[in-house]
Amino acid sequence: MSTPTTFWRIAGMSYTQYVTRAATAVRNGLKEPAKTKALQHETFSYNAASWEAGKIGPKKQVNKLTNAGISV
Amino acid sequence: TDQKFFTMMQNTILRRAAAPLLRRTFSSAPEAAASGMTLNFSLPSETIYAGAKVSQVIVPGAAGEYGVTADHVPVVAQLQAGVLQIMHEGSNEAEKYFVAGGFSITHPNSVTDISCPEAVKIDDIDSAAVSSAFEAAKSAFAAAEAGSADQALAQIDMEVNKAMGSAVGLSL
C-alpha cells in the first residue's frame, strides 16, 4: 500500500481524519433538534496537568492542545 | 458392450469419488433459514442494535452497495456515505439510516458488525442545508489548489452532501 490511491491519502489525510470530516458533514446537514444533539457528539476538551517531583498538579481545562503548551 | 460396461464402471467410480466432495458443498437449507442473521450496529455515541435478529441488511459499500442475508460469504467492507437499510423479520419496509462511513464486517457465523462514526435518520436530514453545503463545497473545491488538503476537505463535503441529497430525493 505504498502508492496512495484515494484522494484523501494523496492530500495527506488519514482514514480517521477523512471519516470524521464526513461525519461532521452529515451532522451539519440535519434539521434542528437532531442537529444540536448530533453536534454534541463531536465536541471535545482536554484537561492538562503538570507533574512535579512525582506529584500531579492541578488540572486545567484547555480547549486546544497548543494552549497547554503541547506542540501539535 | 465391454466399452459401455467400462464407461459405466468409470462413471460409478467417479461419482463415488466425488460423493464426499459433493456432500461438503451441499448446504443444509432448513438449518440456514432457521438461524437467520444477527446485526450489531454501533456508533461511538450509542449502540443502535446489539445482537438483533434481522432478515437482511443492505450495506452502502465503498466498492458498491450489497445485501447481506443469513449465510452470506464473509466480507469486510469499507462503507461510503450512503443509506444503510435494515429489513426486520416479518416486515416489508426497511429501516433506513444515512451513514457517514465506517466498516461492515460479516462473519462466517452470519453475524454482521457495522460500525460508523455517525448515522442519522433520513427524516432528520435538512434538504436546504444539504443543498447549500453542497454548493459551498463545490466553490471551495474549485477555488482550492489541486491536490491540497483544502481541496480534499471540499471534496469530502461535496461527496457526503451529494449522497445525503440523493437520500432525500435531491439530485445535486
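Residues numbered from 1 in each chain as written. Chains lettered and ligands numbered in written order. Predicted model: local features only at pLDDT ≥ 70, side-chain atom pairs only at ≥ 80, totals over all residues. Heavy atoms only, no water.

1. Details of the overall build of chain B
Next up, step 1: Counting its secondary structure elements, chain B contains four helices and nine strands.
Next up, step 2: In sequence order, the secondary structure elements of chain B are arranged as α-α-β-β-β-β-β-β-β-β-β-α-α.
Next up, step 3: Looking at chain B as a whole, 37% of its 172 residues qualify as buried.
Next up, step 4: By sequence separation, contacts in chain B at least 24 residues apart represent 49% of the contacts at least 6 residues apart.
Next up, step 5: Within the structure as shown, chain B displays about 9,800 Å² of accessible surface, and the carbon and sulfur contribution to it stands at 56%. (Helix = DSSP H or I, 4+ residues; strand = E, 2+ residues; numbered from the N terminus. Buried < 20%, exposed > 50% of the residue type's maximum accessible area, 1.4 Å probe, protein only. Contact = heavy atoms within 4.5 Å. Areas by Shrake-Rupley, 256 points an atom, 1.4 Å probe, with all protein chains shown as cover.)

2. A closer look at the interface of chain A and chain B
Next up, step 1: At the junction of the two partners, chain A supplies 19 residues and chain B supplies 28 residues.
Next up, step 2: With both sides pooled, the region where chain A packs onto chain B buries about 2,000 Å², and carbon together with sulfur makes up 67% of that total.
Next up, step 3: The tally of links between chain A and chain B comes to two salt bridges.
Next up, step 4: At the level of secondary structure, the elements contributing two or more residues to the side of chain A that touches chain B comprise helix H2 (15-28) and helix H3 (32-39) of chain A.
Next up, step 5: Tallied by class, residues from the side of chain A that touches chain B come to 13 nonpolar, three polar and three charged. (Buried area = accessible area lost by both parts, 1.4 Å probe. Salt bridge = Lys/Arg side-chain N within 4 Å of Asp/Glu carboxyl O. Nonpolar A, V, L, I, M, F, W, Y, C, P; charged D, E, K, R; others polar.)

3. Notes on the layout of surface pockets
Next up, step 1: Here the largest pocket is characterised by a volume of approximately 460 Å³.
Next up, step 2: For the largest pocket, the lining is made up of 24 residues, of which Thr-6, Trp-8 and Tyr-18 of chain A together with Ala-62 and Gln-78 of chain B are closest to its centre.
Next up, step 3: Partitioning the lining of the largest pocket into residue classes produces 16 nonpolar, six polar and two charged.
Next up, step 4: Empty space within the second largest pocket amounts to approximately 260 Å³.
Next up, step 5: For the second largest pocket, the lining is made up of 15 residues, of which Lys-37 and His-41 of chain A together with Glu-46, Ala-119 and Asp-124 of chain B are closest to its centre. (1 Å grid on protein atoms, 1.4 Å probe; cavity = no way out; pocket = protein on both sides within 12 Å on 5 of 7 lines; lining within 4 Å. Points joined across faces, edges and corners; volume = space filled by probe spheres on them.)

4. Comments concerning the environment of Thr-106 of chain B
Residues and elements named next belong to chain B.
Next up, step 1: Within the secondary structure layout, Thr-106 lies in strand E7 (residues 102-106).
Next up, step 2: With a relative accessible area of 3%, Thr-106 lands in the buried category.
Next up, step 3: Note: C-alpha distance between Thr-106 and Thr-38 (68 residues apart in sequence) is 9.6 Å.
Next up, step 4: With residues near it in sequence (within four places) discarded, Thr-106 still touches Val-68, His-72, Val-73, Pro-74, Val-75, Val-111 and Thr-112.

5. Things to note about the pairing of strand E8 (residues 111-115) of chain B
Residues and elements named next belong to chain B.
Next up, step 1: Taken together, the five bridges between strand E1 (residues 37-42) and E8 define a ladder with parallel strand orientation. For Thr-38, the partnering residue across the bridge sits in E8 and is Val-111.
Next up, step 2: Note that E7 and E8 share four bridges and pair antiparallel. Looking at E8, one finds that Phe-103 is bridged to Ser-115.
Next up, step 3: Count of turn residues in the E7/E8 antiparallel hairpin: four residues, of which Ser-110 carries a positive phi of about 65°. (Pairing = 2+ DSSP bridges.)

6. Topic: the confidence of the model for chain B
Parts of the prediction with low pLDDT should not have their coordinates interpreted in detail.
Next up, step 1: Per-residue confidence for chain B averages 89 on the pLDDT scale, and 89% of its residues sit at or above 70.
Next up, step 2: Interface predicted TM-score (ipTM) for the complex: 0.78; the corresponding pTM is 0.79. (pLDDT = per-residue confidence, 0-100.)

7. A closer look at the environment of Lys-4 of chain B
Next up, step 1: Mapped onto the fold, Lys-4 of chain B is located in helix H1 (residues 2-25).
Next up, step 2: Between the alpha carbons of Lys-4 of chain B and Val-168 of chain B there is a distance of 68 Å; along the sequence they are 164 residues apart.

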